[in-house]
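The chain contents come next:
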Amino acid sequence: MTAAIVFDLDGTLVDSLADIAAAANRMLADQGLAPLPEETIRGFVGNGLPKLVERVMNHCDMDMNRHGKLTQATLRHYTAAASARTRPYPGVQEALEAVRQAGMPLGLCTNKPEAPARHILQALNLEPYFGAVIGGDSLPVRKPDPEHLRAAFDALGQHPVRIFVGDSEVDAETAQRANVPFLLFSRGYRKSPVARIPHHSTFDDFRDLPQLIRSQFTA
Ligand SMILES: O=C(O)COP(=O)(O)O
């Protein structure tokens, strides 16, 4: 039996924090403000770029009337260097290859805007694996709205089993609301302990993922 597998991007397939933080900090520098530590910005990732900028602005006590403009500025900075330091987690490419060779179609459902998401996939040679890429600005909705995830699965066609692989509370909530089994990568950008995030299985090494996916069919 095969399954359609949809992956989250940030904190799941790639460690993108350095480039996200650089874009936010360039926006702050344009405003004459000091940069924030990466670890602070890490806590702001997960609900898409507009939300990240809102969280940065709140943190820095900035005037929210400028949110739209500063979101555009951050997106421009980000798009200019989205893959400068972003790298796949160890074993990601091999895991995608194994899953694809097993005949399973792969999709991506990310809250990152679609253009930089596609750019990152291309730059890291991951794009050929994905039959569908749905970004945070591809639809009127985004995670945790289950329609965002369903759209990624639907774009892959009809398959008897659907599995979502992600790293965050947002991903877990999305999977739950879409009624799809959730595999939690524990080394990403989650804010809570693994035990407090609803999941079917968890893994911390991509070498374990192909077998974990297979075990979902026989469980
Ligand atoms: O852009 C974000 O906030 C997070 O993106 P993700 O959905 O790939 O984790």
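If you look the protein up in an unreviewed UniProt entry, it shows as Phosphoglycolate phosphatase from Ruegeria intermedia. The protein has a UniProt comment under Catalytic activity (unreviewed entry) that states "2-phosphoglycolate + H2O = glycolate + phosphate". In its Function (unreviewed entry) section, the UniProt record describing the protein reads: "Specifically catalyzes the dephosphorylation of 2-phosphoglycolate. Is involved in the dissimilation of the intracellular 2-phosphoglycolate formed during the DNA repair of 3'-phosphoglycolate ends, a major class of DNA lesions induced by oxidative stress."

A. Examining the UniProt feature "active site" (unreviewed entry) in the protein more closely. Taken from the UniProt record, the annotation "active site" (unreviewed entry) applies to Asp 8. Turning to its location among the elements, Asp 8 is positioned in the loop between β1 (3-7) and β2 (14-15). Filtering out sequence-adjacent residues up to four positions away, Asp 8 remains in contact with Cys 109, Thr 110, Val 165, Gly 166, Asp 167 and Asp 171.

B. Local environment of the packing of helix α1 (residues 17-30) against helix α4 (residues 67-80). In the contact formed by α1 and α4, the axes pass within 8 Å of each other and the chain directions differ by 130°. By the angle between their axes, α1 is oblique relative to α4. Every pair of crossing elements has a handedness; the one defined by α1 and α4 is right-handed. On α4, the residues touching Asp 19, Ile 20, Ala 23, Ala 24, Arg 26, Met 27 and Asp 30 of α1 are Leu 70, Ala 73, Thr 74, His 77 and Tyr 78.

C. The arrangement of the site of the ligand in detail. Not every one of the 16 residues close to the ligand is listed here, only the nearest: Leu 9, Asp 10, Thr 110, Asn 111 and Lys 112. Structurally, the shell around the ligand is a two-domain feature, drawing no fewer than three residues from each of domain 1 (3-15 + 87-218) and domain 2 (17-80).

D. Spatial organisation of the sheet that holds β1. The sheet built from six strands is open, its strands ordered β5-β4-β1-β6-β7-β8 with parallel pairing. The sheet terminates laterally at β5 (130-134) and β8 (201-203), the two strands that pair on one side only. Direction aside, neighbouring strands of the sheet carry axes that sit 20° apart on average. Across the face of the sheet, helix α6 (residues 114-123) comes into contact with β4 (106-109) and β5 while running at roughly 150° to β5.

E. Expanded view of the pairing of β4. The alternating pattern of β4 places Leu 106 and Leu 108 on one face and Gly 107 and Cys 109 on the opposite face, and all of these are buried. The pairing of β1 with β4 spans three bridges and is classified as parallel. Its bridge partner being in β4, Val 6 is matched across the sheet by Gly 107. Where β4 meets β5, four bridges bridge the pair, whose relative direction is parallel. Residue pairing in the sheet places Cys 109 in a bridge with Ile 134 of β5.

F. Spatial organisation of helix α8 (residues 169-178). Listed as buried for α8 are Val 170, Asp 171, Ala 172, Thr 174, Ala 175 and Ala 178. On the buried face of α8, the contacting elements are α7 (146-155), β6 (161-166) and β7 (182-185). Immediately downstream of α8, the backbone of Asn 179 shows phi near 60°, a positive value.

G. A look at the nonpolar core. Residues Ile 5, Val 6, Phe 7, Ala 24, Leu 106, Leu 108 and Leu 149 are the most contacted members of the largest nonpolar core, which totals 60 residues. For this core, the element with the most residues is α1, which contributes seven residues. Sequence-distant contacts of Val 6, defined by excluding residues within four places in its chain, comprise Gly 107, Leu 108, Cys 109, Leu 149, Ala 152, Phe 153 and Phe 164.

Rules used throughout
- Residues numbered from 1 in each chain as written.
- Predicted model: local features only at pLDDT ≥ 70, side-chain atom pairs only at ≥ 80, totals over all residues.
- UniProt positions renumbered as here; feature names shortened; annotations may be inferred.
- Helix = DSSP H or I, 4+ residues; strand = E, 2+ residues; numbered from the N terminus.
- Contact = placed C-beta atoms within 7 Å.
- Axes fitted to C-alpha atoms, helices over the stretch in contact; angles between N-to-C directions.
- Parallel < 35°, antiparallel > 145°, perpendicular 65-115°, else oblique.
- Left-handed = near helix turned anticlockwise from the far one by under 90°.
- Near = placed C-beta within 6 Å.
- Domains from an automatic or database assignment.
- Pairing = 2+ DSSP bridges.
- Buried ≥ 20, exposed ≤ 12 C-beta atoms within 10 Å, placed from the backbone.
- Core = buried A, V, L, I, M, F, W, Y, C linked by C-beta atoms within 7 Å.

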